[in-house]
Amino acid sequence: MSVALRNAQRAVPVRRAPLRRAVCALRAALGASRFDVGLVCAGNALMQRLNGDYRHCPEPTDVLSFPLHQVAAGELPRPRCLDEYNLGDIFLGVEYIHQQCRETGEDFDDVLMVTVAHGLCHLLGYRHDTKSEWKQMYQKEAQILEELNRLTGSRLRPLTANLF
């Protein structure tokens with residue numbers, strides 16, 4: 001199925017083709033290749049508005065995920081019709097991520113890929129509100145990033161290594 005990728009900001013150049021390939025590889029690693037996913041690259045203003053509207057935290061952030069289905073962590077949705085073969089949408093705060101990378105010296109494209117993995121895990125029910133949820137999500141992120149690393153020769157790791 002498809003990846004609908006939209007760049008809704010102009011502050012930071014985004015390499016769309018590698019990003020789309022990464023989303024496809026990560027979906028496959030999650031066993032969700034047959035599901036569509038929407039990916040929006042957003043600036044700080046949009047991320048701040050969405051974060052305020054949906055999480056009551058009016059600040060820009062790196063990623064917000066809006067799942068179409070409510071599933072337990074690790075479960076795939078069970079669509080009843082073709083229109084339901086969609087995981088939902090991920091909003092990447094590319095301007096925020098770029099600013100963070102400039103401060104930390106991390107590679108922007110690498111952090112973008114890891115953030116996409118994090119967002120995809122949220123679309124499939126993974127959370128990190130408690131230590132046990134965080135461990136489960138961290139393990140899944142590490143697993144799917146390992147598959148992406150195998151395909152691309154990268155050495156990506158989850159960003160949330162020291163959350164708890």
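Notes on the structure in this doc start here. (Residues numbered from 1 in each chain as written. Predicted model: local features only at pLDDT ≥ 70, side-chain atom pairs only at ≥ 80, totals over all residues. Heavy atoms only, no water.)

Another aspect to go through is helix α1 (residues 16-29). For α1, spanning 14 residues, the distance from its first C-alpha to its last is 20 Å, which sits close to the expected 20 Å at 1.5 Å a residue. Every buried residue belonging to α1 is among Pro18, Leu19, Ala22, Val23, Ala25, Leu26 and Arg27, and all of these are buried. Residues of α1 that are buried in the fold lie against β1 (3-7), β2 (36-42), β4 (86-93), α4 (108-123) and α5 (131-152). Trailing α1 by a residue or two, glycine 31 shows a phi angle of about 75°, which is positive. (Helix = DSSP H or I, 4+ residues; strand = E, 2+ residues; numbered from the N terminus. Expected span 1.5 Å × (residues − 1). Buried < 20%, exposed > 50% of the residue type's maximum accessible area, 1.4 Å probe, protein only. Contact = heavy atoms within 4.5 Å.)

Once that is clear, we can look at the nonpolar core. One finds Leu19, Leu92 and Leu120 to be the most contacted residues of the largest nonpolar core, which totals 39 residues. Top contributing element to this core by residue count: α4, with ten residues. Setting aside residues no more than four positions away along its own chain, leucine 92 makes contact with Leu19, Leu39, Val40, Cys41, Ala42, Met47, Asp62, Val63, Leu112, Thr115 and Val116. Counting seven residues, the second-largest nonpolar core is a separate cluster that includes Val40, Ala42, Leu50 and Leu64. (Core = buried A, V, L, I, M, F, W, Y, C linked by side-chain atoms within 4.5 Å.)

Overall, the coordinates contain four aromatic pairs when judged by the stated rule. Ring centres of phenylalanine 66 and phenylalanine 91 lie 5.6 Å apart, and the angle between their planes is 90°; this geometry places the pair in the edge-to-face category. Residue phenylalanine 66 is found in strand β3 (residues 63-67), and its partner phenylalanine 91 is found in strand β4; the two are separated by 25 residues along the sequence. (Phe/Tyr/Trp six-rings, centres within 6.5 Å; stacked < 30°, edge-to-face > 60°.)

The next subject is the side chain of asparagine 149. As for its position among the elements, asparagine 149 is in helix α5. Excluding residues that lie within four positions of it along the chain, asparagine 149 makes contacts with Ser154, Arg155 and Leu156.

The strand order across the open sheet formed by four strands is β1-β2-β4-β3, and the pairing between neighbours is mixed. Each edge of the sheet is formed by a strand with only one pairing partner; in this case those strands are β1 and β3. Mean inter-strand twist for the sheet, computed between neighbouring axes without regard to direction, equals 15°. Pairing between β1 and β2: five bridges, direction parallel. What sits directly across from leucine 5, in β2, is leucine 39. α1 rests against β1, β2 and β4 of the sheet, and its axis sits at about 145° to β1. (Pairing = 2+ DSSP bridges. Axes fitted to C-alpha atoms, helices over the stretch in contact; angles between N-to-C directions.)

What follows is about the packing of α1 against α4. Their axes nearest at 10 Å, the elements α1 and α4 cross at an angle of 40°. Here α1 is positioned oblique relative to α4, judged by the angle of their axes. In the packing of α1 onto α4, the handedness of the crossing is right-handed. Of α4, the residues touching α1 (which contributes Pro18, Leu19, Ala22, Val23, Leu26 and Arg27) are Leu112, Met113, Val116, Ala117 and Leu120. Residues belonging to the contact of α1 with α4 are distributed by class as follows: ten nonpolar, no polar and one charged. (Parallel < 35°, antiparallel > 145°, perpendicular 65-115°, else oblique. Left-handed = near helix turned anticlockwise from the far one by under 90°. Nonpolar A, V, L, I, M, F, W, Y, C, P; charged D, E, K, R; others polar.)

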